[in-house]
Amino acid sequence: MKIKNILLTSAIASCSFSLGAQEIVRTDAYVWKGDSIIQGEFCAYAPSEYEIVSSYHAQPHYFMPVEQTWKLKNDISSYPKLKTSNTLHSAIFNMGLDEMVNAVEPDTTLRTGKEWAGVWTRDVSYSIILSMAYMQPEASMISLKKKVNANGRIIQDTGSGGAWPISSDRMIWAVAAYEVYKVTGDKEWLKFIYPVIRNSFEDDFKTTHNKETRLVKGETSFIDWREQSYPKWMQTADIYNSESLNTSIVHAEGLRILSKIADEMGDFNIAEKYKKASEEIASAINKNFWMSDKGYYGMYTYGRENMILNPRAETLGESLAIIFDIADPERAKTISQNNPTTPYGTAIFYPQISDMPSYHNNALWPFVASYWTLACAKAGNEQATLQGIGSVFRPAALFATNKENFNLDNGDIATELNSSNMLWSLSGNIAITCRILFGINYEADGLSFSPFVPKTLSDTRTLSNFKYRNATLNITVEGYGDRIKHFSLNGKEQKPFIPADISGENDIHIIMDCEDIPAMKVNNVPNLKAPLTPIAWIENDCLCWNPIEYIGHYEVLLNGKRIAKTNQTSYKLTSEGEWQVIGVSNEGVESFASEPRSNAESFIIQFSDEKTSMKSEEISYQPTQPIAGYMGEGFVEIDHATDAINIPIKVKKAGEYAIYIRYANGNGPVNTENKCAIRTISVDREKIGIAVMPHRGVANWNDWGMTNALKANLSAGKHILTIDYRPENENMNLSTNHAIIDCIKLVKIK
């Protein structure tokens, strides 16, 4: 303990000494000067490139201790060696390599984090795209193979209501798999991933792709704790029915990559099909999510029969829109200048949810901050790039490890869950150096270079022993700016590109033009909480709701459209439809919309041959008490072996109807596992969509809820509604695809 205190005292003295060094980044929360990062009373300093010492103390009584020192533990001599005049930068990079070695398991898979064992599809994929493809190509391949199921489909990790299709971001696997191909040039790998990606997308076309909007249904990528990012009233079936910005972008990019693979395989007609599908999603994203008044994209659409846009900024989505060229160059610049940036960095989303603790809500995640920094560099925003780098390096230095996430109020690790040695955090740390400051970009046929070096980071940096296929590269970047003045390979000047067939040891020297990068702004804002969500109900022909504190006014919605503003807490219903209310603060910050309440005409249809007990062999959790809460005489049980169920319905008035199925699924918890029941719904033999029946709690067979709304235009008279299981309805569990259903509800929309 005495030695540790001496080190901390030394760190404080070193920080004080380095205050005269060049200031690299300053925000209202911290400053990076020379080899030190100072945040209030705390500081972190690198005595050498293989050591970091910090004086940080975490929030008292937090369950997770804070590391105050890092020293190199593993042999990293086989990996790239960074040489720079900034010792702290070198130490943070080396800490990333050191913790990367820790993350490679004995079976050569990539461990998600110190507290997170195993391979997770989204975690490993985002990490591979950032840097693991070129740092750990073999482990990347093995890890991705682990996330393919027996049916040759990409595995959606366990998640809200039983994983896929409520969570539908598994297609980031496709982007990661192709990144590995660009790094290695391995044709056998390309042959392996092609059918996996294609089969997975074909299932998604039938299940998660909205043919009407061309967007993708399902949860916002990686933000998979329901109440951390969605209104409390939203059921998991509602989340399936929503469409998120970043998951839609992931699908657009995955399809673009699938088109490229098909083209390389000689399947030219198929390549055109997937290219067109990618372009349709990209166009729909720009049509449905772009908010010109804010200068960035909205987070997701949500609702039941009528969808509205959640206007929060969502940083991973904004970043991927720039990186994957969903946003054109001018729009990319606009996003980089308008996405809200707090003193500690960009939030997962902004503004925050008031009555939720920090995890996805009210948090910075370094891997997201790394994608944001890559995006800002691509957009040419120097100051945003600097603050992005700072938002990753600050916590890495102060906590002497690559942590998972941080509280945006104070920059601390006191969140609902956290982990050291986090794979995607350390991957982002490494990517900032390799992809931005050295500008390394992988193409299928070689490496291109486009360094982006902010003026305060001007230096002569060398990244030696950088492995690329059959070559070893020693790369030097000199100066600052966003344009290359001279590029030489082994002393000969040429274009900033090297072919994939390069071999042996090679020296690359890049001299930047040292011209000031055109100035752009950063939307620096304080961390902000949105108003609470109103709770609304219909009473005496009025929409009523509870008053919200500190509210400026309320906005009333009918069928997803804003029709009135009021300072009252009730509104006279003027017509039939779906009603909601939004609270707006005096600063113009909106709450979530309340749960939809409908006064439209509706009717219920019971099933015939209903039972009061279950007999399926697929039941995961037996009921702990007799099943209750059903309507009518009982319920109908469905599993893999169930024949198609045909229900006669009679409609008095022609029009568009929303169709719901009332169901129970006690085969898993609300927040995890993978046994969501999925069925195809048809009317008069014409498919109208997919009904999902997510988990509602372990053995909780008395908790009944509604599926997502399915819309159909029905003429007056008799129809047959069919519920059946098709191969594309298979879930991630493969063995249990089971639920009980109680009745059908039809609501007249138009």
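Structural notes, computed from the coordinates. In this convention, every chain numbers its residues from 1, walking through the sequence in written order. Two thresholds apply to this predicted model, a pLDDT of at least 70 for residue-level local features and 80 or more for giving and counting side-chain atom pairs, whereas whole-chain, interface and lining totals are computed over all residues. Side-chain numbers come from the whole structure's heavy atoms, not from hydrogens or water.

**Observations regarding the sheet that holds strand S20 (residues 440-443)**
Two strands in a sheet stick together by hydrogen bonds in their backbones, pointing the same way (parallel) or opposite ways (antiparallel). If you walk across this open sheet you meet the 3 strands as S20-S21-S26, and the pairing is antiparallel. Each edge of the open sheet carries a strand with a single partner, namely S20 and strand S26 (497-499). Each adjacent strand pair in this sheet contributes to an overall mean axis angle of 20°, direction not counted. Two strands pair if DSSP finds at least two bridges between them. Numbering of helices and strands runs from the N terminus, with a helix taken as a DSSP run of H or I at least four residues long and a strand as a DSSP run of E at least two residues long. Note that strand S21 (residues 446-449) and S26 share 3 bridges and pair antiparallel. Across the sheet, Gly446 pairs through a bridge with Pro499, a residue of S26. Helix axes use the C-alpha atoms of the stretch in contact, all axes being lines fitted to C-alpha atoms, and the angles between their N-to-C directions lie in the range 0 to 180 degrees.

**Digging into the packing of aromatic side chains**
Working definition: a ring pair exists when centres of Phe, Tyr or Trp rings (six-membered ring for Trp) sit within 6.5 Å. Plane angles under 30 degrees give stacked, over 60 give edge-to-face, the rest tilted. Taken as a whole, this structure holds 34 aromatic pairs when the rule is applied. With a centroid separation of 5.6 Å and an interplanar angle of 35°, the aromatic rings of Trp189 and Phe192 are classed as tilted. On the criterion of helical spacing, the pair formed by Trp189 and Phe192 is a turn pair, its members being 3 residues apart in helix H6 (residues 187-207). Exposure is judged per residue with a 1.4 Å probe applied to protein chains only, and the accessible area is read against the type maximum: over 50% gives exposed, under 20% gives buried, and values in between give partly exposed. The partly exposed category is assigned to Phe192, whose relative accessible area is 28%. Feature note: the residues Tyr126, Phe222, Trp225, Tyr359, Trp365, Phe367, Tyr371 and Trp424 constitute an aromatic cluster, connected by ring pairs. Across from the ring centre of Phe192, 5.5 Å away, lies the NZ or CZ of Lys145, which sits over that ring. We count a charge as sitting over a ring when the NZ of a lysine or the CZ of an arginine lies within 6 Å of the ring centre and within 35 degrees of the ring normal.

**Some points on the pairing of strand S44 (residues 717-724)**
Across 7 bridges, strand S38 (residues 645-651) lies against S44 in antiparallel orientation. In the strand pairing of S44, Pro648 is matched with Ile720. For strand S40 (residues 677-683) and S44, the ladder comprises 4 bridges, and the chain directions are antiparallel. Of the residues in S44, the one forming a bridge with Ser682 is Thr722.

**Some details on unusual backbone geometry**
Omega for the bond connecting Trp164 with Pro165 falls within 30 degrees of zero, at 5°, which places this linkage in the cis form. With respect to the helices and strands, Pro165 occurs in the loop between helix H4 (137-146) and helix H5 (172-184). For the bond running from Tyr350 to Pro351, omega is 0°, close enough to zero to count as cis. Among the structural elements, Pro351 can be located in the loop between strand S16 (349-350) and strand S17 (352-353). The backbone of Asp325 sits at a positive phi, close to 65°, despite the residue not being glycine.

**Examining helix H3 (residues 121-135)**
What a helix should span is 1.5 Å times the count of its residues minus one. Here H3 is 15 residues long, yet its end C-alpha atoms lie only 18 Å apart, well below the 21 Å a rise of 1.5 Å per residue gives. Throughout, the bend at a residue refers to the angle made by two axes, fitted to the seven residues ending there and to the seven starting there. Within H3, the axis deviates most sharply at Ile128, by approximately 75°. For H3, a buried count of 15 out of 15 residues is recorded, marking the element as mostly surrounded by other parts of the structure.

**Topic: the nonpolar core**
By convention a nonpolar core is built from buried Ala, Val, Leu, Ile, Met, Phe, Trp, Tyr and Cys residues, the set being connected through side-chain atoms within 4.5 Å. If you look at the biggest cluster of nonpolar residues, it comprises 187 residues, and the most contacted ones within it are Tyr297, Phe367, Ile430, Ile440 and Ile475. Beyond its immediate chain neighbours, meaning those up to four positions away, Ile475 contacts Phe438, Ile440, Phe449, Arg461, Thr462, Leu463, Phe466, Ile508 and Ile510. The contact rule is simple, with two residues in contact once any of their heavy atoms fall within 4.5 Å.

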